[in-house]
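# Topology and contacts: notes
What follows is the residue order along each chain.
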Amino acid sequence: MLGILAALPEEITELLAEMGPTATVRRLGMRDYHVGVLRGQPCVLALTRIGKVAAAATTAMLLHEFRVRAVVFTGVAGGIHEQVQVGDVVIGDTLLQHDLDARPLFARYEVPMLGRTHFSTEAALTELLAHCAEDFLSAYAHGRAVAPAVRRGPIATGDCFVGDLATLTRLRAELPDALCVEMEGAAVAQVCHEFGVPCAVLRTVSDRADNSATVDFRRFLQEVASVYSAGILRRFLQALPPPAN
């Protein structure tokens, strides 16, 4: 099976509806894991809720209780790179925790006992996800004056909502290559790394992580991000090789 995770209900609502009444639900650790079939692919869908601890706990339970072959996380993020605009899609190739700092015992951003700061997504999954995002956005933006872009690169994760210019400026200085900032991805990637399960991360940029970050967020989530998520993941599921018997 493929595991599909998101932090907010709107990000997987359409996929849950598409699973239909044949899906089964297992409740574990205050999380509902929806097991069913999407576009011919056996899947498990679950909400991690918001933040690194919630995301790590949900991912660990998913990997322990279900025989998933890979994990895809979908959600929104704040764009922090100057080239990233609202409406763009970011496909993460590496993720790190921008608020992890155990100095002087360990280097900044290094996860203690793992000896690494960054966690890579799986190359083939990331390539396929990016291709599906480009295909979806090309159709979605047909006839529009400005087309959203698909960007691949580092994603920064932390247990804080970035919505002020001072924090944005600091993150740009400290992590100049990071494309966007969110609150779950690196935790999911770390757990997948420790379990030896490939993962991919898809983020729709909802804001510029500055003082306007909370303006119309709910509307963007419902009218844009949820549409992106469902449209891209449908293409992704159809493009995946059929499950092995």
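Residues numbered from 1 in each chain as written. Predicted model: local features only at pLDDT ≥ 70, side-chain atom pairs only at ≥ 80, totals over all residues. Heavy atoms only, no water.

- Per an unreviewed UniProt entry, the protein is named adenosylhomocysteine nucleosidase, and its organism is Bordetella genomosp. 5.
- Under the UniProt heading Pathway (unreviewed entry), the note attached to the protein is "Amino-acid biosynthesis; L-methionine biosynthesis via salvage pathway; S-methyl-5-thio-alpha-D-ribose 1-phosphate from S-methyl-5'-thioadenosine (hydrolase route): step 1/2." (UniProt positions renumbered as here; feature names shortened; annotations may be inferred.)

### What to know about the layout of surface pockets
- One number sums up the size of the largest pocket: a volume of about 300 Å³.
- What lines the largest pocket is a set of 19 residues, among which Val76, Phe161, Glu182, Met183 and Phe217 lie closest to the centre.
- Counting residues per element, the ones that place at least two in the lining of the largest pocket are β5 (70–79), β9 (180–182) and β10 (199–207).
- Broken down by element, the lining of the largest pocket gets its largest block of residues, four residues, from β5. (1 Å grid on protein atoms, 1.4 Å probe; cavity = no way out; pocket = protein on both sides within 12 Å on 5 of 7 lines; lining within 4 Å. Points joined across faces, edges and corners; volume = space filled by probe spheres on them. Helix = DSSP H or I, 4+ residues; strand = E, 2+ residues; numbered from the N terminus.)

### Here's the deal with the packing of helix α3 (residues 123–140) against helix α6 (residues 217–239)
- Following both chains from N to C, one finds α3 and α6 inclined at 125°, their axes separated by 9 Å at the closest point. Accordingly, the angle class assigned to the pair α3 and α6 is oblique. For the crossing formed where α3 meets α6, the hand is right-handed. Of α6, the residues touching α3 (which contributes Leu125, Leu128, Leu129, Cys132, Ala133, Asp135, Phe136, Leu137, Ala139 and Tyr140) are Val224, Val227, Tyr228, Gly231, Ile232, Leu233, Arg235, Phe236 and Ala239. (Axes fitted to C-alpha atoms, helices over the stretch in contact; angles between N-to-C directions. Parallel < 35°, antiparallel > 145°, perpendicular 65-115°, else oblique. Left-handed = near helix turned anticlockwise from the far one by under 90°. Contact = heavy atoms within 4.5 Å.)

### A few points about helix α5 (residues 185–195)
- Across the 11 residues that make up α5, a large majority, eight, are buried.
- Among all positions of α5, only Gly185, Ala186, Ala187, Val188, Ala189, Gln190, Val191 and Cys192 are buried.
- Backbone geometry just after α5 places Gly196 at a positive phi near 70°. (Buried < 20%, exposed > 50% of the residue type's maximum accessible area, 1.4 Å probe, protein only.)

### A short note on the packing of helix α2 (residues 52–65) against α5
- For the pair α2 and α5, interaxial distance at closest approach is 8 Å and the crossing angle is 30°. With respect to α5, the element α2 is oriented roughly parallel. At the point where α2 passes α5, the crossing takes the right-handed sense. Within the contact between the two elements, α2 uses Lys52, Ala55, Ala56, Thr59, Ala60, Leu63 and His64 and α5 uses Ala187, Val188, Val191, Cys192 and Phe195.

### Thoughts on the side chain of Ser226
- Inspection of the secondary structure assignment puts Ser226 in helix α6.
- For Ser226, a relative accessible area of 8% corresponds to the buried category.
- When residues no more than four places from it in sequence are discounted, the contact partners of Ser226 are Glu10, Glu14 and Leu221.

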